[in-house]
Amino acid sequence: MQAMTIEDVLKATGGTLLSGDIHQTFNDVISDSRKVTAGVLFVPLVGEKFDGHEFIKAAFDLGASAVLTQRDTELLVDKTIVKVEDTLKAFGDIAKYYKQKYNVPTVSVTGSVGKTTTKDMLASVLSQKYNTLKTMGNFNNEIGLPITIFGLEKEHEAAVLEMGMNHFGEIEHLADIGRPDVAVITNIGQSHIENLGSREGIFKAKMEMTKLFTKDNTLIVNGDDDYLSKTKGMGEYKVVYYGITNPENDVYAKDIENNGLNGIKFTAVVDGGEYPIEVNIPGKHNVYNALAAICVGREFDVPMDKIAEGIRSFELTKMRLAVEEYNGITIINDCYNASPDSIKAALGVLADTDKNRKVAILGDVLEMGDFAKDAHYNLGKAVKENGVDLLITAGENMKYLAQGAKDNGVENIVSFDKTLEVCNYVKAEIKSGDAVLIKASRGMHFEEVYNTIKNK
Ligand code: ATP
Ligand code: MG
């Protein structure tokens, strides 16, 4: 982090200095009391289980140079304490101020699925030409985004920020903090549809990203998406489309060659030129993610050969669709999270394996509200189309998927209520020579299924 003072904090947050020194500097902004080190500004957040305010004294003991508070904190002699209305809001306000003070050209990535993958790919592309800061892992909310921004150092020349949401107003808030010059929206799916009411609602919520856009901003979207393809003319900003179905898209993929688990090759058609692109992770959906990365590289004048190199060499954030081999079993581990769209994508990867028996172990997609029944049922068709030999499900919603699969002609289906029952079942059932997809919403704890199979 670059130099900031308490005076900056007061300006950023509208807070008041309760005690201490307005010229006090700090070398980082930390919200996790366990990560406090000498010289930081500690921002205690109030969570469901913990209240960071309980650790204010401990933070000073660890050498924090200043602390924020939203409570009537006991005044400590010689300590710098700033009172704000809401520490979480202040955390974002300080990030916003810091970002504006030390600004670099910034790309944001949102969308229903593929944010983290796209973020990693396009950061790899930008890194070919610029020293690029990127969101680590999946730090895409109002806590993760400020943490990323505070990592902006003097040597950085560009930033890539993932922004996620599950309700209206969240993207607007994150975009206000991160102020992207260029925004990517990967697709409009059904994630968190319970809170947003419809795909139309999800579209509107994602488009909050453009609220502060002017003619100097660029929106990069998937032109094959029925909602995103209609974004041109919705504002004065520039819109760039990518896709695989329509050669009219600004960046277009043709001659897609799917090499199963070894990845994918395609020809990118960009401004009249044709360029070979290699993606080293499986899944046809990654063509889209690569196209988004090409568009960003193009906006930032990265030469095409460097763009191709960035895509070829990028590294995926862990716990996202990892393909591993244990005891002759190919495990497609995608247990980090699930949405209807990402289940479809992951089934496509299962189909790409060359194993004799393809097993899909799927758990409920949560936060689907009234859409749960239909969304799960409709996935039954994708189970059939991707040649699943054995379908194992856990949870209430997945019973609809099982029914959908049955109605589409899938024969071997076993359904359970709980994840634990799946674990017991797979112990005996999964054998060497199988390919197994493991996927469910986070709340289903499918890492237990993964561990059971891995440790067989
Ligand atoms: P989260 O909401 O958890 O942050 P995310 O949007 O960052 O998710 P990723 O982590 O990149 O998404 O990908 C999650 C899963 O979605 C992948 O493992 C893959 O199965 C699928 N996926 C990735 N990209 C796409 C895409 N462009 N279209 C459809 N599915 C995709
Ligand atoms: Mg993510």
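Owing to the predicted nature of the structure, the values given are computational and were not obtained by experimental measurement.

Calculation criteria
- Residues numbered from 1 in each chain as written.
- Chains lettered and ligands numbered in written order.
- Predicted model: local features only at pLDDT ≥ 70, side-chain atom pairs only at ≥ 80, totals over all residues.
- Heavy atoms only, no water.
- Phe/Tyr/Trp six-rings, centres within 6.5 Å; stacked < 30°, edge-to-face > 60°.
- Helix = DSSP H or I, 4+ residues; strand = E, 2+ residues; numbered from the N terminus.
- Buried < 20%, exposed > 50% of the residue type's maximum accessible area, 1.4 Å probe, protein only.
- Axes fitted to C-alpha atoms, helices over the stretch in contact; angles between N-to-C directions.
- Parallel < 35°, antiparallel > 145°, perpendicular 65-115°, else oblique.
- Left-handed = near helix turned anticlockwise from the far one by under 90°.
- Contact = heavy atoms within 4.5 Å.
- Core = buried A, V, L, I, M, F, W, Y, C linked by side-chain atoms within 4.5 Å.
- UniProt positions renumbered as here; feature names shortened; annotations may be inferred.
- Donors = N, O, S within 2.8 Å, 3.2 Å for Na, K, Ca; no water.
- Domains from an automatic or database assignment.
- 1 Å grid on protein atoms, 1.4 Å probe; cavity = no way out; pocket = protein on both sides within 12 Å on 5 of 7 lines; lining within 4 Å.
- Points joined across faces, edges and corners; volume = space filled by probe spheres on them.
- Nonpolar A, V, L, I, M, F, W, Y, C, P; charged D, E, K, R; others polar.
- Salt bridge = Lys/Arg side-chain N within 4 Å of Asp/Glu carboxyl O.

Structural notes on the packing of aromatic side chains
Thought 1: Per the stated rule, a full pass over the model turns up seven aromatic pairs.
Thought 2: Look at F91 and F150: their rings are 5.6 Å apart centre to centre, the planes differ by 55 degrees, and that puts the pair in the tilted class. Taken together, the positions of F91 in helix α3 (residues 87–101) and F150 in the loop between α5 (144–149) and β10 (158–162) put the pair 59 residues apart, joining distant regions of the chain. For the pair formed by F91 and F150, the shared burial category is buried.

Remarks on the packing of helix α11 (residues 340–352) against helix α12 (residues 372–385)
A packed helix pair is summarised by two numbers, namely the angle formed by the two axes and the spacing between the axes.
Thought 1: Direction vectors running N to C along α11 and α12 enclose 15 degrees, while the axes themselves pass 10 Å from each other. Taken as axis vectors, α11 and α12 run roughly parallel relative to one another. Our pair here, α11 against α12, has a crossing hand that is right-handed. Where α11 approaches α12, its residues P340, I343, K344 and L347 are matched on the opposing element by A375, L379, A382 and V383.

So, the nonpolar core
Thought 1: Ranked by size, the top nonpolar core spans 77 residues in total, and within it V29, L41, L68 and I94 carry the most contacts.
Thought 2: With residues up to four places along the chain from it excluded, the contact list for I94 reads M4, V9, A12, T13, V29, L41, L68 and F150.

Here we look at the UniProt feature "domain: Mur ligase C-terminal" (unreviewed entry) in the protein
Thought 1: Taking the UniProt record as the reference, the feature "domain: Mur ligase C-terminal" (unreviewed entry) is found at residues 323–442.
Thought 2: Secondary structure over residues 323–442 splits into 41% helix and 27% strand, and the C-alpha atoms at its two ends are 19 Å apart.

Let's talk about unusual backbone geometry
Thought 1: One non-glycine residue, R179, lies in positive phi territory at about 40 degrees.
Thought 2: The residue N327 is not glycine, and still its phi comes out positive at about 50 degrees.
Thought 3: Residue placement: N327 occurs in the loop between β17 (322–326) and β18 (329–334).

Observations concerning the coordination of the magnesium ion (ligand 2)
Thought 1: Those donors, T116 (OG1), N138 (OD1) and E162 (OE), are the protein atoms that reach the magnesium ion (ligand 2), and they lie 2.0 to 2.2 Å from it.
Thought 2: Each donor residue of the magnesium ion (ligand 2) belongs to the same chain, and together they define the spacing T-x21-N-x23-E. Taken together, the residues T116 in helix α4 (residues 115–127) and N138 in the loop between β9 (132–134) and α5 connect sequence positions 22 residues apart.

Considering the domain arrangement of the protein
Thought 1: According to the domain assignment, the protein consists of domain 1 (4–87), domain 2 (102–313) and domain 3 (322–454).
Thought 2: Computed over C-alpha atoms only, the centres of domain 1 and domain 3 are separated by 46 Å.

Notes on the layout of surface pockets
Thought 1: Of the volumes computed, that of the second largest pocket is approximately 560 Å³.
Thought 2: In this structure, the second largest pocket is lined by 21 residues; those nearest its centre are S31, D32, S33, R34 and K35.
Thought 3: Of the residues that constitute the lining of the second largest pocket, the class distribution is ten nonpolar, four polar and seven charged.
Thought 4: Residue assignment places the lining of the second largest pocket across two domains, with domain 1 (4–87) and domain 2 (102–313) each supplying three or more.

A closer look at the environment of N386
Thought 1: Its place among the elements puts N386 in the loop between α12 and β20 (390–394).
Thought 2: Residue classification places N386 among the buried residues on the basis of a relative accessible area of 18%.
Thought 3: Sequence separation between N386 and P44 is 342 residues, and the spatial gap between their C-alpha atoms is 48 Å.
Thought 4: Leave out the neighbours within four places in its chain, and N386 touches L347, G348, A351 and K358.

A closer look at the pattern of salt bridges
Thought 1: Tallied over the entire structure, the rule returns 27 salt bridges.
Thought 2: Between D51 and R71 there is a salt bridge whose closest N-O contact spans 2.6 Å. In this pair, D51 is assigned in the loop between β5 (41–42) and α2 (56–61) and R71 in the loop between β6 (66–69) and β7 (80–83), connecting sequence segments 20 residues apart.
Thought 3: Relative accessible area serves as the criterion here: at 15%, D51 is assigned to the buried category.
Thought 4: K89 serves as the salt-bridge partner of D93, at 3.0 Å between the closest nitrogen and oxygen. Of the two residues, D93 and K89 are both situated in helix α3; the distance of four residues between them amounts to about one turn of the helix.
Thought 5: Residue D93 is classed as buried on the basis of its relative accessible area of 15%.
Thought 6: Judged by relative accessible area, K89 falls into the partly exposed class, the value being 46%.
Thought 7: One salt-bridge network, held together by shared partners, links D32, R34 and K35.

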